[in-house]
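Fold and geometry: a report
Each chain is listed here by its residues.
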Amino acid sequence: MPDFETLAKGTLATAATLSTVGAGLLWYGQNYLIYPSAFPPGSRTDVPTPEGLPYEDLTLKTSDKVLLRCFFIPQKKSYHHAADIGDDSTKTDDEFAVTRPTVVMFHGNGGNHGHRVPLARVFYLNMRCNVLMMSYRGYGLSEGSPSEAGLKIDAQTGLDFLTTHPVFSQTKIILYGQSIGGAVSIDLASRNPTKIRALILENTFTSLPSLIPHVLPVLGPFSFLCHQTWDSASKVPLIPASTPILMLSGVKDGIVPKEHMRALWEAVAKRGETKTSGGREYKVGLEHARFKEFPRGGHNDTCVQLGYWPTISDFVQSVTTGEPTEKN
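Source: prediction; values computed, not measured.

1. Describing the nonpolar core
By size, the foremost hydrophobic cluster in this structure holds 51 residues, and its most contacted members are Phe 106, Leu 175, Leu 199 and Trp 230. Among the elements that make up this core, the one with the highest residue count is helix α5 (residues 180–191) (6 residues). Sequence-distant contacts of Leu 199, that is, excluding residues within four places in its chain, are made with Leu 175, Ser 185, Ile 186, Ala 189, Ile 239, Thr 243, Pro 244, Ile 245, Leu 246 and Phe 315. Residues Ile 73, Val 131, Leu 246 and Trp 309 belong to the second largest nonpolar core, which totals 33 residues.

2. Focus on the pairing of strand β4 (residues 130–133)
The alternating pattern of β4 places Asn 130 and Leu 132 on one face and Val 131 and Met 133 on the opposite face, and all of these are buried. Where strand β2 (residues 67–73) and β4 come together, 3 bridges link them in antiparallel fashion. Counted as the bridge partner of Phe 72 is Leu 132 from β4. Crossover handedness for the path strand β3 (residues 102–106) to helix α3 (residues 117–126) to β4: right-handed.

3. Overview of the sheet that holds strand β5 (residues 173–178)
Taken together, the 8 strands give an open sheet; going across it, the order is β1-β2-β4-β3-β5-β6-β7-β10, and neighbouring strands pair in mixed fashion. Here the strands that pair on one side only, and so sit at the sheet edges, are β1 (56–61) and β10 (289–294). Between one strand and the next, the sheet's axes are offset by a mean angle of 20°, whatever the strand orientation. Note that β1 and β2 share 6 bridges and pair antiparallel. The partner of Thr 59 across the bridge, within β2, is Arg 69. Relative to the sheet, α3 contacts β2, β3, β4, β5 and β6 (198–202), its axis offset from that of β4 by approximately 160°.

4. Brief notes about unusual backbone geometry
Going from Phe 39 to Pro 40, the amide bond is cis rather than trans, its omega being -5°. Of note, the phi angle at Trp 230 is positive, near 45°, even though the residue is not glycine. Exposure remark for Trp 230: the relative accessible area of 2% places this residue in the buried category.

5. Observations regarding the packing of aromatic side chains
For the coordinates displayed, the defined rule picks out 10 aromatic pairs. Ring geometry for Phe 72 and Phe 168: centres 4.8 Å apart, planes at 90°, overall edge-to-face. Separated by 96 residues along the polypeptide, Phe 72 in strand β2 and Phe 168 in the loop between α4 (148–163) and β5 bring together distant segments of the chain. The same class applies to Phe 72 and to Phe 168, which are both buried. With 5.1 Å between their ring centres and 80° between their planes, Tyr 308 and Trp 309 make a pair best called edge-to-face. This pair shows no difference in class: Tyr 308 is buried, exactly as Trp 309 is. Following the ring pairs from residue to residue traces out a cluster consisting of Phe 123, Tyr 176, Phe 294, Tyr 308 and Trp 309. The positively charged end of Lys 152 is found above the aromatic ring belonging to Trp 230, 5.7 Å away from the centroid. Just above the ring of Phe 294 sits the side chain of Lys 292; from NZ or CZ to the centre is 6.0 Å.

6. Side note on α3
Most of α3 is tucked away: 7 of the 10 residues are buried. Among the residues making up α3, those that are buried are Val 117, Leu 119, Ala 120, Val 122, Phe 123, Tyr 124 and Leu 125. Looking at the buried residues of α3, the elements they touch are β2, β3, β4, β5, β6 and α10 (308–321). Backbone geometry just after α3 places Arg 128 at a positive phi near 55°.

Conventions and cut-offs
In this numbering scheme, every chain counts its residues from 1 along its sequence in written order. Owing to the predicted nature of the model, reporting of local features is limited to residues with pLDDT of at least 70; listing and counting of side-chain atom pairs is limited to 80 or more, with chain, interface and lining totals taken over all residues. The side-chain values count all of the structure's non-hydrogen atoms but skip hydrogen atoms and water molecules. To form a nonpolar core, buried Ala, Val, Leu, Ile, Met, Phe, Trp, Tyr and Cys residues must be joined to one another through side-chain atoms within 4.5 Å. Burial classes: relative accessible area under 20% of the type maximum marks a residue as buried, over 50% as exposed, and values in between as partly exposed (1.4 Å probe, protein chains only). Comment: elements are numbered from the N terminus, with helices defined as DSSP H or I runs of at least four residues and strands as E runs of at least two. Any two residues whose heavy atoms approach within 4.5 Å at even a single point are treated as in contact. When DSSP finds at least two bridges between two strands, those strands are taken to pair. Handedness of a crossover: with both strands directed away from the viewer, a clockwise path from the first strand across the helix to the second marks it as right-handed. Note on geometry: axes are lines fitted to C-alpha atoms, helical ones only across the stretch in contact, with angles between N-to-C directions running from 0 to 180 degrees. Working definition: a ring pair exists when centres of Phe, Tyr or Trp rings (six-membered ring for Trp) sit within 6.5 Å. Plane angles under 30 degrees give stacked, over 60 give edge-to-face, the rest tilted. As a reminder, the over-ring test applies to NZ of lysine and CZ of arginine, requiring each to be within 6 Å of the ring centre and within 35 degrees of the ring normal.

Next up, the structure:
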């Protein structure tokens, strides 16, 4: 039987080896963990299309020469199965499209943008929004490999397409981000404060390093090695207090704890923080924001919870008309 000293040395050696492996996995393999673009199987080759909608296959070239294969669905003044909003029938399709907001969809880290076609249908048919379904580099049929720096360029490329378009540059741009797509949305809005009209954020996080201990507990001690930070908590204060933000949180989210959304909500409220004789006032920040929790919502099914789409519809309507958003 080995003596205590030998056993201790062996234990320490094993711990050191596991620590090295854990650190190496996080440092060198984090892009594969954070951006599983090939999951579920077939996601890099099979991209569902918005069949039945007047979509366009849109290829965007980024500033670093990466081609993104996206979908763009512009509104038509009359379209079967679309909600009737009683607009002037004498308008052309372009004139009608200008009166409707444009939703830019940034999806979560799994699958591809085509898997979110059902969500795009709701925006298009029920709310009569123009819809830009962004594809990240390294996802679906897009070129390149995903990274934080790369996705930020991709998002800017999508926004630049809209803001330089002769028709859609005149529309109100709303960013819709789920999970890591929420982080992409927050970052884009923080860098383009005058170009974004509103944000809709679902089950996103304060930062990736702060999320690692929950998602991958064994790698928690090495979270400081995470170079894909997506530090949304520090970006929210850069978004004007006048920019409406809707936050949708699934209480039973097993990937992004609800505390992350609540922490971001506090940051959203503080955007218009003012000091008064009685303390601090958050009225301005709260005037243009709403937080909604869904008690049974998980990370991937919050979008099918009762009240989810009516909440978004009310918000989009308030953004379109300029009326204050409804409070809880």
